[in-house]
Amino acid sequence: RKQLEEFSGRLEDAERRATFLEDAPAAQCKNPKAAWLLAKAGDHFDRQGRPDWASIKAEAPELFGVVTAKSNAGTGTEKAPTSRNMNDFIRKAAGRS
């Protein structure tokens with residue numbers, strides 16, 4: 001019986017976490033793992049077990065906002081892409097450029 005209750009508690013926690021992670025993108029959460037730990041530690045859930053995003057945002061606003069890409073392939077190269085292909089390389093190696 002004790003093992004069953006322990007397993008049931010872990011299953012409930014896993015379902016709560018899955019729901020939390022599904023809702024995180026809609027709440028513009030940048031770091032869902034940190035927000036989950038904060039919500040769990042502070043018991044930021046309503047009676048149905050759904051996350052209370054307003055209270056989580058109030059406690060840690062730095063975890064929320066629009067995620068922007070940090071880099072882009074080719075950014076800062078300042079060179080135009082070359083239109084060379086394999087045939088050009090072969091011809092140059094054969095001395096027929």
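The rules behind each value
Residues numbered from 1 in each chain as written. Predicted model: local features only at pLDDT ≥ 70, side-chain atom pairs only at ≥ 80, totals over all residues. Heavy atoms only, no water. Helix = DSSP H or I, 4+ residues; strand = E, 2+ residues; numbered from the N terminus. Buried < 20%, exposed > 50% of the residue type's maximum accessible area, 1.4 Å probe, protein only. Contact = heavy atoms within 4.5 Å. Areas by Shrake-Rupley, 256 points an atom, 1.4 Å probe, with all protein chains shown as cover. Salt bridge = Lys/Arg side-chain N within 4 Å of Asp/Glu carboxyl O.

A. View of the overall build of the protein. Along its length, the protein carries four helices and zero strands. Helices and strands appear in the protein in the N-to-C order α-α-α-α. Counting every position in the protein, which comprises 97 residues, the buried fraction comes to 18%. The long-range fraction of contacts in the protein, counting pairs at least 24 apart against all pairs at least 6 apart in sequence, stands at 49%. When the accessible surface of the protein is totalled, it reaches about 8200 Å², and 51% of it is carbon and sulfur.

B. Quick peek at the pattern of salt bridges. Scanning the entire structure with this criterion turns up three salt bridges. Across the pair E5 and R1 runs a salt bridge whose closest N-O atoms are separated by 3.5 Å. Taking relative accessible area as the criterion, R1 reaches 79% and is therefore assigned exposed. Residues K40 and D13 are paired through a salt bridge, measuring 3.3 Å at the closest nitrogen-oxygen approach. Placement of the pair is K40 in helix α2 (residues 32–42) and D13 in helix α1 (residues 2–23), with a sequence separation of 27 residues.

C. Here's a closer look at the environment of V66. Relative to the helices and strands, V66 resides in the loop between α3 (53–59) and α4 (86–93). Along the sequence, V66 and C29 sit 37 residues apart, while their C-alpha atoms lie 7.9 Å from each other.

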